[in-house]
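Chain by chain, the residues run as shown.
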Amino acid sequence: ESLATLENKFNTTGLFPFQIQGACFLQSHDRCLLGDEMGTGKTIQTLAALPHDVGTIVVCPASLKYNWRDEAKKWRSDLTPVVLSGRGSFRFPNQGELVIVNYDILPQDFDGLEKKDFTLVCDEVHLCKNYKAKRSKAVKALSKIAKQSIGLTGTPLMNRPFDLFGVLSALQLEGKVFGGWMGF
C-alpha cells in the first residue's frame, strides 16, 4: 500500500498525526525498530499497524503483559489477546490471535523451524542489547522465523554503541542497517 493509502486508512482510528506516521512506518517494513519517547503511544501505533489476518506474538516484560491485553481489547476488537504464563506455556498464535508472553519464559529452541506467518513484536526491546544473553538469542531465533519483526523502545541506548547493534541483531536488522558487523 502507498503511504497516502495507509495514512487515509489510519485517519479514522483516532490516532494523532505522528502516531499515524509511526503506524504507517511499522506497516510498511518487514523488520523495524520504533524508538519513540516514552508515553507517545508505541503500543497503540503497533496495534494499529498489525495485519488483520495474521497471528502476532508480543514479547514484553511480565509487568506489561496485561497492559498489552487491555490495549488490544480497546483498540483492536478483531484480535483475541491470549496472555501466557509459566515456563512451557509458549505457543504460536492462531490467525487473529495476539499471544502475549514475557521475555523470561521464551523457549530457546526455535532453531530449525521454517519461517511462519506471524508478526513478532518485542516491547522494551532494549532488554536485548546484550547479544550473548539467553533472552536476546531467543528473540533472534524467533525473529528469524517471523514474517515481520517489530521492536519497540523508549529507552535511549547511550552507554555503548554496541548496545544498539545487539538490539538490531535480535530483530534481524543489523545487516539491513549496517551491512553487518564490519559496516557497524
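Preceding block: the structure.
Below, the structure is looked at part by part. Residue numbers here run from 1 along each chain, matching the order of that chain's written sequence. Selection of residues for local features in this predicted model requires a pLDDT of at least 70, selection of side-chain atom pairs for listing and counting requires 80 or more, and totals for whole chains, interfaces and linings are taken over all residues. Excluding hydrogens and water, the side-chain figures rest on all heavy atoms present in the structure.

**A closer look at the overall build of the chain**
Okay, step 1: A run of DSSP states H or I qualifies as a helix once it reaches four residues; a run of E qualifies as a strand once it reaches two. Both are numbered from the N-terminal end. A count of helical and extended segments in the chain gives seven helices and six strands.
Okay, step 2: If you list the helices and strands of the chain from N to C, you get α-α-β-α-β-α-β-β-β-α-β-α-α.
Okay, step 3: Taken over C-alpha atoms, the radius of gyration is set against a globule rule of 2.2 Å times the number of residues to the power 0.38. Against the compact-globule benchmark of 16 Å for 184 residues, the chain has a radius of gyration of 16 Å, which places it among compact chains.
Okay, step 4: The classification of residues rests on relative accessible area computed with a 1.4 Å probe and restricted to protein chains. Under 20% of the type maximum is buried, over 50% is exposed, and intermediate values are partly exposed. By the burial criterion, 48% of the 184 residues in the chain qualify as buried.
Okay, step 5: Any two residues whose heavy atoms approach within 4.5 Å at even a single point are treated as in contact. Sequence-distant contacts in the chain: of pairs separated by 6 or more residues, those separated by 24 or more amount to 66%.
Okay, step 6: Summed over its atoms, the accessible surface of the chain is roughly 9,300 Å², and 53% of this surface lies on carbon and sulfur atoms.
Okay, step 7: None of His or the chain ends enter the tally, which takes Lys and Arg as positive and Asp and Glu as negative. One atom stands in for each charge, and that atom is NZ of Lys, CZ of Arg, CG of Asp or CD of Glu. Separation of charge centres in the chain, based on 22 positive and 19 negative side chains, amounts to 6 Å. Using a 1.4 Å probe, the Shrake-Rupley method yields the accessible areas, and only the shown protein chains count as cover for residues.

**A word on a positive patch on the surface**
Okay, step 1: A cluster of basic residues, R87, K132, K134 and K137, forms a positive patch at the surface.
Okay, step 2: Turning to its location among the elements, K134 is positioned in helix α5 (residues 134–145).
Okay, step 3: Residue classification places K134 among the exposed residues on the basis of a relative accessible area of 65%. Note on patches: the residues involved have over 30% relative accessible area and no salt bridge, like charges join within 9 Å, and the nonpolar side chains Val, Leu, Ile, Met, Phe, Trp and Tyr join within 5 Å. Should a side-chain nitrogen of Lys or Arg be within 4 Å of a carboxyl oxygen of Asp or Glu, the pair is scored as a salt bridge.

**Overview of the layout of surface pockets**
Okay, step 1: Taken as a whole, the largest pocket encloses approximately 280 Å³ of empty space.
Okay, step 2: Secondary-structure elements contributing two or more residues to the lining of the largest pocket are α3 (42–49) and α4 (65–75).
Okay, step 3: In terms of residue count, α3 provides more of the lining of the largest pocket than any other element does, three residues in total.
Okay, step 4: The residue classification treats Ala, Val, Leu, Ile, Met, Phe, Trp, Tyr, Cys and Pro as nonpolar and Asp, Glu, Lys and Arg as charged. All others, Gly included, are polar. A class-by-class count of the residues in the lining of the largest pocket yields four nonpolar, eight polar and four charged. Grid points spaced at 1 Å over the protein atoms alone were grouped into cavities, where a 1.4 Å probe fits but cannot get out, and pockets, open sets with protein on both sides within 12 Å along at least five of seven lines, with lining residues defined by an atom within 4 Å of a point. Grid points are joined across faces, edges and corners, and a volume is the space filled by probe spheres set on the points.

**Looking at α5**
Okay, step 1: Between the first and last C-alpha of α5 there are 17 Å, a value that for twelve residues agrees with the 16 Å anticipated at 1.5 Å per step.
Okay, step 2: Taken residue by residue, α5 has S136, A138, V139, A141, L142, S143 and I145 as its buried positions. A helix is expected to reach a length of 1.5 Å times the quantity of its residues less one.

**Describing the nonpolar core**
Okay, step 1: Definition of nonpolar core: a set of buried residues of the types Ala, Val, Leu, Ile, Met, Phe, Trp, Tyr and Cys, connected through side-chain atoms within 4.5 Å. In terms of nonpolar packing, the biggest core is built from 27 residues, with I57, V59, V101, L106, L120, C122 and L142 touching the most fellow members.
Okay, step 2: Mapped onto this core, the elements with two or more residues apiece are β2 (55–60), β4 (97–102), β5 (118–123), α5 and α6 (161–170).
Okay, step 3: Among the elements that take part in this core, α5 stands out by supplying five residues, more than any other.
Okay, step 4: Not counting the four nearest positions on each side in its chain, V59 is found in contact with V101, N102, Y103, L106, L120, V121, C122, D123 and L142.
Okay, step 5: With 22 residues, the next largest nonpolar core counts C24, L34, L79 and L98 among its residues.

**Here we look at the packing of aromatic side chains**
Okay, step 1: Note on aromatic pairs: the rings of Phe, Tyr and Trp (six-membered ring only in Trp) are paired at centre separations within 6.5 Å, and the planes decide the class, stacked below 30 degrees, edge-to-face beyond 60, tilted for the rest. Under the counting rule described, the total for this entry stands at twelve aromatic pairs.
Okay, step 2: On the numbers, 6.1 Å between centres and 70° between planes, the contact of F92 with F110 is edge-to-face. Taken together, the residues span a long stretch of sequence, with F92 in the loop between β3 (80–83) and β4 and F110 in the loop between β4 and β5 at a distance of 18 residues.
Okay, step 3: F92 gets classed as partly exposed once you look at its relative accessible area, which sits at 25%.
Okay, step 4: Judged by centre distance (5.2 Å) and plane angle (80°), the ring pair of Y131 and F162 falls under edge-to-face. With Y131 in the loop between β5 and α5 and F162 in helix α6, this pair connects stretches of sequence that are 31 residues apart.
Okay, step 5: With relative accessibility at 40%, the residue Y131 sits in the partly exposed group.
Okay, step 6: Given the relative accessible area of 22%, F162 is considered partly exposed.
Okay, step 7: One aromatic cluster is present, formed by Y131, F162, F165, F178, W181 and F184 through successive ring pairs.
Okay, step 8: Sitting over the ring of F92, K116 keeps its end group 4.9 Å from the ring centre. Both a distance and an angle decide whether a charge sits over a ring: NZ of Lys or CZ of Arg must be within 6 Å of the ring centre and within 35 degrees of the ring normal.

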